[in-house]
Amino acid sequence: MSENVAVIGVGHSKFGSRKDVNIPELAWESIKPALDSANIEQKDIDFFVVGNAGVWSSEAAIPALMAEYADLAPKGSMRVEAACATGNAAIRVGYQAIKSGEADVVLVLGIEKMQESPNPTVIELIGRFGSYFWEFENFGLTFPGYYALHGTAYMMKYGATEEDYARVAVKNHYYGAKNPYAQFQKEVTIEKVMEPKYVAWPFKLFDCSPITDGSACVILASEEFAKDVEDKIWIHSQGVGTGTANLSRRSDFTSLESARYAAELAYKRAGIDMDAPYKYLDGANVHDCFTAPEIIAYEDLRFAKRGEGVQLIRDEQTYIGGRIPVNVDGGLKAKGHPIGATGVSQAVEAYKQLLSKAEPGRQAEIKHGRWLAHNVGGTGHYSYVTIYGLEKLKK
Ligand code: COA
C-alpha cells in the first residue's frame, strides 16, 4: 500500500487537427516525454490506463495498440470512459491501483482523435453523453444546446450577459496564445467573440470548445518509488460525483450538483477550508467546455458565492494576479478538448504550474503549493475534482 501517490513525469502532444499522425503516433508524442521526464523506462511500468471515449475514431483497442507501439506488453492495462471526464477517471484508476498496493508505477494516457469523423457526426455522438432516448431522440439536444440551457438559466437568475460569457473566451484565448500546445494560439476581443452567428443561443463559435485531436500522459508512482525523484507533485485528494442522466430530474440549471459534491469531498480529504478554498490554492483548471460553465464552476468550486461567479470574470479575478487564476493554459476553449485527454492535460498543467515550468506569461505565482482540476462528463453526469500539491499531504 502507498498512502501517497506522486506524479513523477508528464508529456503533452500538440492539440488541434492532427491528420499528420495515427493514433499510436499521437499517443507516443506524450508517452515519450512523460517517460523521459520521469527518468524511467517501459520495464518500470506496472500497469497502464488509457482514457479514451473514442466512438468517432478508427481504433478501439488502444491499450493493446500502445502495448505494441510503445513496447508496454505484457503489463496489465485498461481503457476507461466517463464522457468528457474520461481523463480524470483514468487518473483515478491509476491512483487507486497505487494506493491499494497493486502497482508502484502506472502510466496514464488520455487520447482522442475526434477529427477522424466529420463534425456533424462527432456532434451527434457527443450528444449521446446525456439521456439519449429522452433528450436526443425527442428534442434533438446536442451539447451546445445542453449547456445553453444552463447558460440561459444563469443569465435569467443572476443577470449575466452574453458579453460576460465572452469575457471567459477572451481570458482563455489570451492564455492559449501563450501555450505552444494549444489548438488556438490567437487572442480574441469581446467584439470578435460577439460577431459569429449563434450555435445555440447564447453561445456563438468562441463560446464553444472545439473538436480536437490530442494526447496527454502522466506517470504516477508510489511514495517509495517517488522518494528519489526530484521533480514531482502529489495527488492530495480526489472527489467524484454523479448526476442524473435526464435533465428533467434536476431542479436547478445554474449549478451542477455532482460537481459541488465532488468538490466538497476533495476539499474535505485535502483538509481545505470550504468557506474560502481559493485561499489555499494557487490556481485551477476548470471544465470550460463552453464559456458559461466556467462561471458556474467558479461557484460549484466555491471560488465565489452563488450568483457572484460572473463578477469574478468581470473584475478579471481569474487572471494571474487575481483571486484565483483559472485555465491559464487556455482551458478547453483555446487549448482544445480532445475528450479523453482533457483530464490528463489538466494534471500535466498542475505539474507544470506547481513546479514553475509553465511557459512565459502564463506561470502563476506558487504560494500555497496546491492546484485544482475540475473535469466534468456530460452536463454533470460525472464530475471529478482532483487536488494536486507540491508537498505530500500533511495529515
Ligand atoms: N473556437 C474558435 N474557433 C473555432 C472553434 C472554436 N470552438 N471551432 C472551430 N473553430 C474555427 C476553425 O478553426 C475554423 O477556422 P478556419 O475557417 O479559419 O479554419 C472555423 O472555426 C470553422 O471550423 P469548423 O471545424 O468547420 O467548425 P464547425 O462549425 O463545424 O464546428 C462548433 C464548430 C462550435 C459547432 C463545434 O466545434 C462544436 O460542436 N463544439 C462543441 C464540442 C463539444 O460539445 N464538446 C463536448 C463539450 S461537453
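Read on for a plain summary of the structure. (Residues numbered from 1 in each chain as written. Predicted model: local features only at pLDDT ≥ 70, side-chain atom pairs only at ≥ 80, totals over all residues. Heavy atoms only, no water.)

## Quick look at the site of the ligand
Contacts to the ligand come from 16 residues, most closely from Asn119, Ile123, Cys208, Ser209 and Lys333. In this structure, a nitrogen atom belonging to the ligand sits 2.7 Å away from a main-chain N or O atom of Cys208. Alone, the ligand offers 930 Å² of accessible surface; in the complex the protein occludes 63% of this. Judged by its atoms lying within 2 Å of the grid points, the ligand is housed in the largest pocket. Among the residues making up the shell around the ligand, the classes are represented as 12 nonpolar, 3 polar and 1 charged. (Near = heavy atom within 4 Å. Polar contact = N/O pair within 3.5 Å; in protein donor to acceptor, adjacent residues only side chain to side chain. Areas by Shrake-Rupley, 256 points an atom, 1.4 Å probe, with all protein chains shown as cover. 1 Å grid on protein atoms, 1.4 Å probe; cavity = no way out; pocket = protein on both sides within 12 Å on 5 of 7 lines; lining within 4 Å. Sits in = over half its atoms within 2 Å of the grid points. Nonpolar A, V, L, I, M, F, W, Y, C, P; charged D, E, K, R; others polar.)

## Some details on the pairing of strand S4 (residues 105-113)
A large share of S4 lies buried, amounting to 9 of its 9 residues. Burial along S4 is two-sided: the residues Val105, Leu107, Leu109, Ile111 and Lys113 and Val106, Val108, Gly110 and Glu112 are all buried. With 9 bridges joining them, S4 and strand S7 (residues 213-222) adopt antiparallel strand pairing. Looking at S7, one finds that Glu112 is bridged to Gly214. (Buried < 20%, exposed > 50% of the residue type's maximum accessible area, 1.4 Å probe, protein only. Helix = DSSP H or I, 4+ residues; strand = E, 2+ residues; numbered from the N terminus. Pairing = 2+ DSSP bridges.)

## A short note on helix H10 (residues 257-270)
Taking 1.5 Å of rise per residue, 14 residues should cover 20 Å, and H10 covers 20 Å from first to last C-alpha, within 8% of that figure. Looking at the packing, one finds that the buried side of H10 touches strand S8 (233-242), helix H11 (291-300), strand S10 (370-377) and strand S11 (382-389). (Expected span 1.5 Å × (residues − 1). Contact = heavy atoms within 4.5 Å.)

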